[in-house]
Amino acid sequence: MWTRARGIALALVLLLVGAVAIAVVRSDARHGELDPRSADPYGSRAVAELLADRGVSTRVVTALDEARAAAGPDTTLLVAVPDLLSERQQTGLHSATSGSGGRTVLIAPGGAAVERLAPGVTADPALSVDSTLAPACDLPAARRAGNADTGGIRYSTHLEADACYPSRRLATLLRIPDPSTKASAEAAPGDTVVLGARDILFNNHLDEHGNASLALQLLGSRDHLVWYLPSLSDLPDPDDERGFFDLLPSGWLWGTLQLLIAAVLAALWRARRLGPLVPEKLPVAIRASETVEGRARLYRKANARERAATALRSATRTRLAPLVGVPVAQADSPESLLPALSAHLHGAHGDGQTLHTLLFGPPPGDDAALIALADQLDALEREVRRP
């Protein structure tokens, strides 16, 4: 068993070691992703510093209750990873921001998340092919920024909205006005911004194209910016607890079903019979001794002493029957073979009970008994052949 399994075990060990090595090497690659306090390449500290220079304060919150309480007409609420929130949390966050008069910025929400946080908006399964796109809309912020790295998730909506940075006729940036709020002399009307990619907020992409301009305009329309980073402190509601299969994406379930169907079809294909078995001559001549030795090794490996003893006794009876005047068809019949053998033999082998035990007896219990049986059968056949 170890000989058969050691190759698979070695491959698994190598995969595990490789995965650990890659994880160690890349452990710092995404540290502090989308965190306005992080100066790492995928952090967003540069955006926060530029906003501070323009009088916009940035506050990081990691709890849903803090994010909901921060919603207001003078606040922009940025939700960094909307997909991490549960269905109940997404619905509650939308209820808190709707009608608040502020701006809500959703960063790359997926299909289920965007439908709850921005009802009326649908995410397309196919991502944008290009990462850098042109505005192609009348939104002032987009027109001033020009080309930007917004390519990612694409969205469609039936609502009245500014659809910008299109890719194959679907927008990667949407600004949806809140119909329940109106503009005043002190503040702009409330709205929701859905952004299909995170790139314009990363430190290492901020100085490319119009990324900085677009980020500052989207996040700097109010005096205060609340940057919501979902974390483990957002304890899920007990009613939102999901099982293992609920956590699997639907694509995995469909893929498993397809693999199961393919396995069943492959089994049926391999198991089909197109007709009876056809014997074929061997392409080379094989010595009889080699065949005997090969079959003996197979019997020994499978501990098939009973089958080996049956083969030895059957072959001996078949050879002895013509020598004592018994038809070969009756060689396996004790009533026909044993009396003829007893009449032909003299001495110990002539005893009927001994012959019956030797030619038709129980299988040997171990290898030594099997060898003894073979020797006794050989001795019996030599005696019968003796003139």
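Keep in mind it's a predicted model, so treat the numbers as computed, not measured. (Residues numbered from 1 in each chain as written. Predicted model: local features only at pLDDT ≥ 70, side-chain atom pairs only at ≥ 80, totals over all residues. Heavy atoms only, no water.)

*Asks:* Run through the pairing of strand 6 (residues 162–167), naming residues and quoting values.
*Replies:* Bridging between strand 6 and strand 7 (residues 170–177) involves five bridges; their strand directions are antiparallel. Bridge pairing links C164 to L173 in strand 7. In this antiparallel pair of consecutive strands, strand 6 and strand 7, the connection spans two residues, and R168 shows a positive phi of 50 degrees. (Pairing = 2+ DSSP bridges. Helix = DSSP H or I, 4+ residues; strand = E, 2+ residues; numbered from the N terminus.)

*Asks:* Mind laying out unusual backbone geometry, listing which residues take part and the relevant values?
*Replies:* A positive phi angle, near 50 degrees, is found at R168, a position not held by glycine. The residue N303 is not glycine, and still its phi comes out positive at about 55 degrees. You can call N303 exposed: its relative accessible area is 55%. (Buried < 20%, exposed > 50% of the residue type's maximum accessible area, 1.4 Å probe, protein only.)

*Asks:* Which residues make up the nonpolar core, and what are the values?
*Replies:* Core analysis: the largest hydrophobic core is formed by 55 residues, its most contacted members being L78, Y165, L201 and L219. In terms of residue count, helix 7 (residues 211–219) provides more of this core than any other element does, five residues in total. Setting aside residues no more than four positions away along its own chain, L78 makes contact with V105, I107, L201, L219, L225, V226, W227 and Y228. (Core = buried A, V, L, I, M, F, W, Y, C linked by side-chain atoms within 4.5 Å. Contact = heavy atoms within 4.5 Å.)

*Asks:* Lay out the state of the cysteines in plain terms, naming residues and giving numbers.
*Replies:* Counted according to the given criterion, the structure contains one disulfide. One disulfide bridge connects C137 with C164, the sulfur atoms lying 2.0 Å from each other. For the disulfide bridge between C137 and C164, the dihedral angle about the S-S bond is near 95 degrees, and by the sign convention the bridge is right-handed. Highlighted residues: C137 in the loop between strand 4 (121–123) and helix 6 (140–145) and C164 in strand 6, separated in sequence by 27 residues. Across this residue pair, the class does not change: C137 and C164 are buried. (Disulfide = S-S within 2.5 Å.)

*Asks:* Which residues make up the packing of helix 12 (residues 334–344) against helix 13 (residues 352–360), and what values do they have?
*Replies:* To characterise two packed helices, one gives the angle between the axes of the helices and the distance between these axes. Close contact between helix 12 and helix 13 brings their axes to 10 Å; oriented N to C, the two are set at 125 degrees. One element, helix 12, and the other, helix 13, form an angle in the oblique class. For the pair helix 12 and helix 13, the sense of crossing is right-handed. Between helix 12, through P334, L337, L338, L341 and S342, and helix 13, the contact on the second element is made entirely by G352, L355, H356, L359 and F360. By residue class, the composition of the contact of helix 12 with helix 13 is seven nonpolar, three polar and no charged. (Axes fitted to C-alpha atoms, helices over the stretch in contact; angles between N-to-C directions. Parallel < 35°, antiparallel > 145°, perpendicular 65-115°, else oblique. Left-handed = near helix turned anticlockwise from the far one by under 90°. Nonpolar A, V, L, I, M, F, W, Y, C, P; charged D, E, K, R; others polar.)

*Asks:* If you had to explain the pattern of salt bridges to someone new, which residues and values would you point to?
*Replies:* Per the stated rule, a full pass over the model turns up 15 salt bridges. With a closest N to O distance of 3.0 Å, R317 and D332 form a salt bridge. Here D332 lies in the loop between helix 11 (305–323) and helix 12 and R317 lies in helix 11, a separation of 15 residues in the sequence. You can call R317 buried: its relative accessible area is 9%. In this structure, E381 and R319 form a salt bridge, with 2.8 Å as the shortest nitrogen-oxygen distance. Taken together, the positions of E381 in helix 14 (residues 367–385) and R319 in helix 11 put the pair 62 residues apart, joining distant regions of the chain. (Salt bridge = Lys/Arg side-chain N within 4 Å of Asp/Glu carboxyl O.)

As far as function goes, none of this settles anything; it's purely spatial.
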